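Chain by chain, the residues run as shown.
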Amino acid sequence: MSETPLLDELEKGPWPSFVKEMKRMAAVKPYAKNVLLQLERSYRDKITHWKHGGIVGVRGYGGGVIGRYSDLPPEEMPTPEVHTLRVAQPAGWFYSTKALRKLCDVWEKYGTGFINLHGSTGDIILLGAPTANLQPCFEELVSIGFDLGGSGSDVRSLSCCGGPAFCQWSCIDTLDMYHDLTMEFQDEIHRPRFPYKFKIKISGCPNDCVAALARADLAIIGTWKDSIKIDQEAVREYAKQGVNISKIAARCPTQALEWDGKELKVVPEDCVRCMLCLSALPKAILPGDEKGATILLGGKATILQGAFLGWVIVPFIKADKPYTEIKELIRKILDWWDENARTRERIGELVYRLGMRTFLKAIGLPPVPQMIYVPRANPYYFWSPEELEEK
Amino acid sequence: MSETPLLDELEKGPWPSFVKEMKRMAAVKPYAKNVLLQLERSYRDKITHWKHGGIVGVRGYGGGVIGRYSDLPPEEMPTPEVHTLRVAQPAGWFYSTKALRKLCDVWEKYGTGFINLHGSTGDIILLGAPTANLQPCFEELVSIGFDLGGSGSDVRSLSCCGGPAFCQWSCIDTLDMYHDLTMEFQDEIHRPRFPYKFKIKISGCPNDCVAALARADLAIIGTWKDSIKIDQEAVREYAKQGVNISKIAARCPTQALEWDGKELKVVPEDCVRCMLCLSALPKAILPGDEKGATILLGGKATILQGAFLGWVIVPFIKADKPYTEIKELIRKILDWWDENARTRERIGELVYRLGMRTFLKAIGLPPVPQMIYVPRANPYYFWSPEELEEK
Amino acid sequence: MSGEKKYITDVGPPHYKDMVHPVLLKNYGKWRYHEYVAPGIIKHVSLNGEEVYMVRAAIPKIVSIYFVRELCDIADRYSDGYVKFTSRHNVEFIVTDKNKLEGLLKELKEKGLPVGGTGRSLKAIIHTQGWVHCHTAVIDAPGLAKALYDELYEYFTRDDLPGKLKIAIACCLNMCGAVHCSDLAFVGMHRKPPIVNDDIVSRLCEIPTLVASCPTAAIRPAPEKKSVIVNEERCMYCGNCYTVCPGMFIHNPKYDCISMWVGGKANAGGPPDFSRLAIPYLPNNPPRFPEAVQAAKNVIETWIKHAKPGERIGDWIKRIGWERFFTLTGIPFTDKHIDDFIFSVPTFRTTTNFKWK
Amino acid sequence: MSGEKKYITDVGPPHYKDMVHPVLLKNYGKWRYHEYVAPGIIKHVSLNGEEVYMVRAAIPKIVSIYFVRELCDIADRYSDGYVKFTSRHNVEFIVTDKNKLEGLLKELKEKGLPVGGTGRSLKAIIHTQGWVHCHTAVIDAPGLAKALYDELYEYFTRDDLPGKLKIAIACCLNMCGAVHCSDLAFVGMHRKPPIVNDDIVSRLCEIPTLVASCPTAAIRPAPEKKSVIVNEERCMYCGNCYTVCPGMFIHNPKYDCISMWVGGKANAGGPPDFSRLAIPYLPNNPPRFPEAVQAAKNVIETWIKHAKPGERIGDWIKRIGWERFFTLTGIPFTDKHIDDFIFSVPTFRTTTNFKWK
Ligand code: SRM
Ligand code: SRM
Ligand code: SRM
Ligand code: SRM
Ligand code: SF4
Ligand code: SF4
Ligand code: SF4
Ligand code: SF4
Ligand code: SF4
Ligand code: SF4
Ligand code: SF4
Ligand code: SF4
């Protein structure tokens, strides 16, 4: 009889199976097989058999490795140390097969051979290595040009969409910004010293293909200030092919578009860059020329106060190399957060607790209506002593 | 020179002036003049000259009278006691002139002669009487058929729209319900024993002409369950007169209406009874036949946690005389609030603190989607021990 | 003597059947439709075909008994001895004889009572008692109302505005009235923390209630002096502590001010909405409050100019967006507009979909 | 020895210029438009007229090194030794020679890798590690993902759904991934408070951090035993205390369950929205989680049947209203759907404008 009757069920069906993948490694690596058998055990018990990790790491790094131990007795799980290395992905998850093959070779040597490709933050997750292997594995990774990402209370691995590599909408150089910022913040990524995690994600346009505003403490999203550019000839061509242009215009959330059968007119100041018309008519409509980024703060998942979506703190910022302004802004925010946050308080929660007013003042950002959907409904606002004396 | 140079400015202009009214009384009543002069003083000092009232009242009543004392020295304000009687208005603020004249006669005898007609809660506010006059004034009011309303931590005077007295939309008998509930809760209105105030307001239809859902702890708003009734002949008549029916149909928030030039069709289950089409075409569209009320809870102004709008706790309730179900519901809510609230905690804030779950369970109301705009986004919900064992 | 006297209590208000015009009672619940005849005049037609004209006139909310008697005189002449007041404190005459309308209008004019406030007009301003009678009043609501009315008079007597215009004024942030759901509203505001009078606090106030009264937890007990201490950094001058305890004196004419709010509404045609902060500071400048009046006019005229028919101020702002509202009105946006109280986060703009101005 | 060794650190990820296909680099920032060729195949055309085909295939997120090498083999044959992974963890081959498409598709088919996930299709499911590697996992996300995928397979390979369909699964309510903004999502949930192990708590945990970790303030210090006490009535089983302290054991197979969420989305075409609770309890039933799979299918099929073209699940629900959503799907509405956390009040229906069902 199979040792993994429950997991075997997950080899069935048309979709490619992670169990099959695990079995491939289990077949050659007893260490990997132990993990597989523990997983089967979890399927039987309906409970995880991993317990809290002690602190593990590699020399000079506090982050990038997740310690993980089995809670099963040694006779059931002879290799209880199954740590994870979070390896920083190249910008936009582009790879040469050469680089990928090298990575596999290293991982074949030191770990289970399982890869979580990729983790939700963006890293390549090398899933499962004993403590003793962490340091040599790391060193060999570095030697082939890979480095660890973040984990714990540090700046986490960034991520970005493919942007200018294939997409006509990208308003910023996402790949370059990703790489540049990642290099700029190496120390903050690798050495946890903050109150909690801090995530930065970069999308080239408002489609936000890395869901930055939902998942990043700081989201950098490409945008433009002037009018969308409409190629009227191309619009008419779409119309000729039977595309219902009126319907597309009607979906514009701000009624900024009008189609008279010949020309698609836009009221530029009414366009909120929602991307709907660009997506519907990719050959005909393009972003404007005055490009930059919007910066949103505070996105995060559930813990502690429920999930937050990032909100606008800078409606428009120039985003040209070497990204000085953006880097300075991030540093200021990190410092302020570091000084003011409680343990395990994300930046969004800190701003909620102290108020945008306090945040904006500390960072030196001007309040603008783009930061809010609606002004406050309660009369509970503050006056600083200086303001009172001005009047 | 005038004794009230600043107030005199408010006699100018086309709008009828309250200062003129105050002066009319001041001319004959020194007591009223004292109040006028104090007001002038406030205009000069830009500060109120009233201070906290001690407890004043009439025999057997804890509510209905607001104590008020001047903070000026006796030489400036020789009659510092200027209390207020809140007199419960008749349903819908309908009066015979006979009743009104009697009221004036009583008030001429005992007070300043100023009336705040009406207070925002709904009462006739007899503005300014010395302590000694309160009891005789009250007794005489009772003798002419008027009674005090509420003030302090009690059920406040109710209010209601004119409803069936002039309005074709009224789905409930607002005047009768007002009177009946007011009589039912006389004790609760007159004898403060609750954590804080509790307001009940009644509107005949979703137009909510007493703004109940913004200002009442418990709002009773008339509604109907079946389809609106459309008189197609009347619609066509409107159309003939040049009314743009398509435009009206287009404004329907749920797109429940369609006008084909001949007939105005409604998808009854999509109508949310927003009243827009009824208001636009009053001769052609009427509420359905299956009438009743929606009950909303929790409306209030700013203090303590910001203003709340009332929210649905009963989407539909039959509202026929003698209103047994509604009375029972109100009693249950009052009791639960009384038992659970902190001092000065309105019902809405209590429900916020303990959760709708707790409230619904205590009152015995079923949870329904009409109670919310959207379900929760956070995963922080509770299971009762019983529920766990059911499964 | 007094031991013998029987006190009659709990009689309740007069019964409406004695107060409602007999023709209204006759057609009670049998109305068929209404029609706007002219600003201030609504015709109601019953299923029996009977017609009634409700004529609406404004009154200064604080009136004398003489004024009320005069209203009664008019009602006796034109509406059979019956009147109705409205939920916004107008008076209405119930005219069953069309021929009496003209005379009624003439008399109201002579008496200086504006007729209007129906349909798409300026409605009666809901306001509170201010310095006339309230101990927490920061501004004088009746005075500001009068100043506004004088300036906006014509809008009450017209009904061709883009939508209804409902204004409310509260003299302190207890917001008696309907400020929090009005198209336009003013609220009197403090700007300095209360000054604690330990003597009064220790003698007259319940410390736990006082501590709990503070929405931002700025007050903590000081048991050594049987009083409290205010953390001034957390205080946003709401005055609630003063409401519950006279020892927390908060009035300060030098700093007290007026705030302006816009865009609230009630239930019809879509969910209600709160009024939202437009201007955090306007000088408290009695008797005629020119800055506040001007600020209202600015918003109202911008609205009239830009709104589509049927749009109340809030509907208009929803369509154009708040960023555009601030641009069009020229009102400066400040940190005060950004909510930082309990439900702040859902008001933050969590999208890049916004207008530049 | 080790004293002499120089540790190289902070090298960062490989530079993208070495990783991006040369043709993409050549046209970097010069793209003109894209076109959907077939499900899974997008043609990108540059200003120079150059064309590139991105071919998207799904992978089981947890793979072996052999699998990766096989992907490399394919990429060497069809896309010049370059691949891209997407933000939803699909793999993409960058094909510059149109004639190679057919061969690539054939090989992918042979290898069992579904091609699709572009346009209005089911996207790759974002999921987390579950029992494979996480200590807080309530359910096994990879297993549930596989079970769902098998059932929804065809939707990945079609692109004629009403809108994109983005599913996410988190094995615990830390919600790694994108659960909180997905069209449909599953989250593993506890239903019993943690059991405090005083010994572990006192030895291994920082009490203040532990106390602060509780969103509902259900944990209070018990200094006498250097441990803590849980107020079970306030606990809603989030497990955050367990995340910060192993002494707060919370797993309980008998009660642990799965919750389902719907209607979230990101930034395009209007502000983003959160996923919202659809089903508070579904049995945690490995290996194939039939109840959860069925629940997903029900919502997806109801959506496909009723939505208008272009409507993602959330858009559809916004149009029809949540009351109608519960009616159409037959999902029971419970007290659990009503928010009772910090920002609850703004979710309460403050209007009579609603549907009966
Ligand atoms: C591997 C990964 C899941 C996956 O399979 O994709 C993951 C796995 C873990 N996450 Fe996560 N998170 C992962 C992406 C995320 C994301 C998504 C993202 O970053 O875009 C989120 C939501 C966004 C956010 O940060 O809010 C996320 C929100 C959390 C949280 C809740 C944080 C919060 O403030 O709400 C925790 C709890 C914590 O930090 O203690 C958490 C904690 C964890 C821990 C470290 C659990 C723990 O306490 O030890 C998990 C380690 C599993 C393991 O043993 O390997 N993980 N986690 C993802 C990271 C891989 C990578 O580096 O690429
Ligand atoms: C007279 C009136 C204003 C007016 O000119 O219309 C009024 C006057 C006062 N209100 Fe009010 N309120 C009046 C209607 C309201 C309304 C409107 C309503 O009832 O529809 C509200 C908003 C709705 C609500 O209840 O939330 C209102 C919300 C308040 C509050 C804040 C309550 C809150 O929970 O936010 C207070 C503060 C308090 O209760 O301590 C308050 C307190 C007061 C006090 C008693 C101030 C005090 O602490 O002594 C005022 C007495 C003034 C005086 O000396 O005569 N008044 N008050 C209204 C009552 C007349 C009447 O009975 O008809
Ligand atoms: C007399 C009065 C009720 C009462 O018994 O006191 C009343 C009476 C009528 N209301 Fe009202 N409403 C009255 C206060 C209100 C209020 C409360 C308030 O203003 O504080 C509201 C909700 C507040 C709000 O809208 O913010 C209100 C919201 C409506 C609506 C919905 C308006 C909207 O724009 O959303 C209608 C429908 C319409 O006007 O087409 C309406 C319609 C009507 C009709 C046409 C009903 C009818 O069939 O006769 C009545 C005459 C309307 C008019 O003035 O043009 N009534 N109406 C109140 C007159 C107040 C006044 O003197 O101005
Ligand atoms: C490859 C990828 C970016 C990357 O560098 O990794 C990408 C690429 C493209 N996205 Fe995206 N998006 C990618 C993840 C996302 C995400 C993030 C996510 O799914 O977690 C989002 C936001 C999440 C959301 O919408 O909830 C996203 C929201 C969009 C939108 C707006 C869609 C909407 O319905 O709101 C568009 C516009 C469109 O599709 O018409 C878009 C359009 C596009 C275009 C057409 C852009 C272009 O010009 O090439 C690309 C192909 C779309 C397609 O798959 O049909 N992309 N796109 C990601 C592919 C993920 C996958 O394998 O499925
Ligand atoms: S976020 Fe914008 S620029 Fe980036 S891949 Fe998506 S659509 Fe293209
Ligand atoms: S991008 Fe969006 S807002 Fe701008 S014109 Fe197109 S559809 Fe309208
Ligand atoms: S609330 Fe409805 S029934 Fe009452 S007066 Fe207003 S419109 Fe008529
Ligand atoms: S009442 Fe409102 S929702 Fe109902 S049909 Fe008329 S406009 Fe539509
Ligand atoms: S708003 Fe404030 S000052 Fe004005 S009457 Fe109400 S409680 Fe008094
Ligand atoms: S004024 Fe308000 S915020 Fe300030 S101390 Fe008093 S109650 Fe607290
Ligand atoms: S969702 Fe929870 S259980 Fe799953 S990987 Fe993240 S932290 Fe671990
Ligand atoms: S499980 Fe969550 S709610 Fe319960 S005690 Fe732990 S942290 Fe608090």
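Presented here is an overview of the structure given in this document. (Residues numbered from 1 in each chain as written. Chains lettered and ligands numbered in written order. Predicted model: local features only at pLDDT ≥ 70, side-chain atom pairs only at ≥ 80, totals over all residues. Heavy atoms only, no water.)

## Thoughts on the interface of chain C and chain D
Thought 1: Listed per partner, the contact involves 13 residues of chain C and 13 residues of chain D.
Thought 2: Of the roughly 940 Å² buried where chain C meets chain D, counting both sides, 54% is carbon and sulfur surface.
Thought 3: By the criterion of area lost to chain D, the three top residues of chain C are Asn267(C), Phe343(C) and Asn353(C), representing 44% of everything that side buries.
Thought 4: At the boundary of chain C and chain D, one finds 0 salt bridges.
Thought 5: Here chain C and chain D share 8 residue pairs in polar contact (both at pLDDT 80 or more) between them.
Thought 6: Tallied by class, the residues present in the side of chain C that touches chain D amount to 6 nonpolar, 7 polar and no charged. (Contact = heavy atoms within 4.5 Å. Buried area = accessible area lost by both parts, 1.4 Å probe. Salt bridge = Lys/Arg side-chain N within 4 Å of Asp/Glu carboxyl O. Polar contact = N/O pair within 3.5 Å; in protein donor to acceptor, adjacent residues only side chain to side chain. Nonpolar A, V, L, I, M, F, W, Y, C, P; charged D, E, K, R; others polar.)

## Details of helix 9 (residues 232–240) of chain B
Residues and elements named next belong to chain B.
Thought 1: Every buried residue of helix 9 is listed here: Gln-232, Ala-234, Val-235 and Tyr-238. For helix 9, the buried positions fall inside an angular range of 160° around the axis, keeping them on one side. Exposed and facing more than 90 degrees away from the buried side of helix 9 are Glu-233 and Lys-240.
Thought 2: Looking at the buried side of helix 9, the elements it contacts are strand 11 (229–230), helix 10 (245–251), strand 12 (257–259) and strand 13 (264–266).
Thought 3: Sitting at the head of helix 9, Asp-231 places a side-chain oxygen 3.1 Å from the backbone nitrogen of Glu-233.
Thought 4: One or two residues past the end of helix 9 sits Gly-242, with phi positive at roughly 100°. (Buried < 20%, exposed > 50% of the residue type's maximum accessible area, 1.4 Å probe, protein only. Helix = DSSP H or I, 4+ residues; strand = E, 2+ residues; numbered from the N terminus. Arc of directions from axis to C-beta.)

## Thoughts on the site of ligand 1
Thought 1: Around ligand 1 there are 32 residues in total, and Asp123(A), Lys199(A), Ala301(A), Gln129(D) and Cys176(D) lie nearest to it.
Thought 2: Lys197(A) has a polar side-chain atom sitting 2.7 Å from an oxygen atom of ligand 1.
Thought 3: The contact in question runs from an oxygen atom of ligand 1 to an N or O atom on the side chain of Lys201(A), over 2.8 Å.
Thought 4: Its residues placed into classes, the shell around ligand 1 shows 7 nonpolar, 14 polar and 11 charged. (Near = heavy atom within 4 Å.)

## A closer look at the packing of helix 10 (residues 313–320) of chain C against helix 11 (residues 322–329) of chain C
Residue and element names in this part refer to chain C.
Thought 1: Two elements in contact, helix 10 and helix 11, have axes whose closest approach is 6 Å; the angle formed by their N-to-C orientations is 110°. Regarding the angle of helix 10 to helix 11, the classification is roughly perpendicular. Where helix 10 abuts helix 11, its residues Trp-316, Ile-317 and Ile-320 lie against Trp-322, Arg-324, Phe-325 and Leu-328.
Thought 2: Classifying every residue of the contact of helix 10 with helix 11 by side-chain character gives 6 nonpolar, no polar and 1 charged. (Axes fitted to C-alpha atoms, helices over the stretch in contact; angles between N-to-C directions. Parallel < 35°, antiparallel > 145°, perpendicular 65-115°, else oblique.)

## Thoughts on the site of ligand 5
Thought 1: Taken together, the residues surrounding ligand 5 are Cys161(A), Cys167(A), Trp169(A), Ser170(A), Gly204(A), Cys205(A), Asn207(A), Asp208(A) and Cys209(A).
Thought 2: When its residues are assigned to classes, the shell around ligand 5 shows 5 nonpolar, 3 polar and 1 charged.

Honestly, that's just the spatial picture; any functional story needs more than this.
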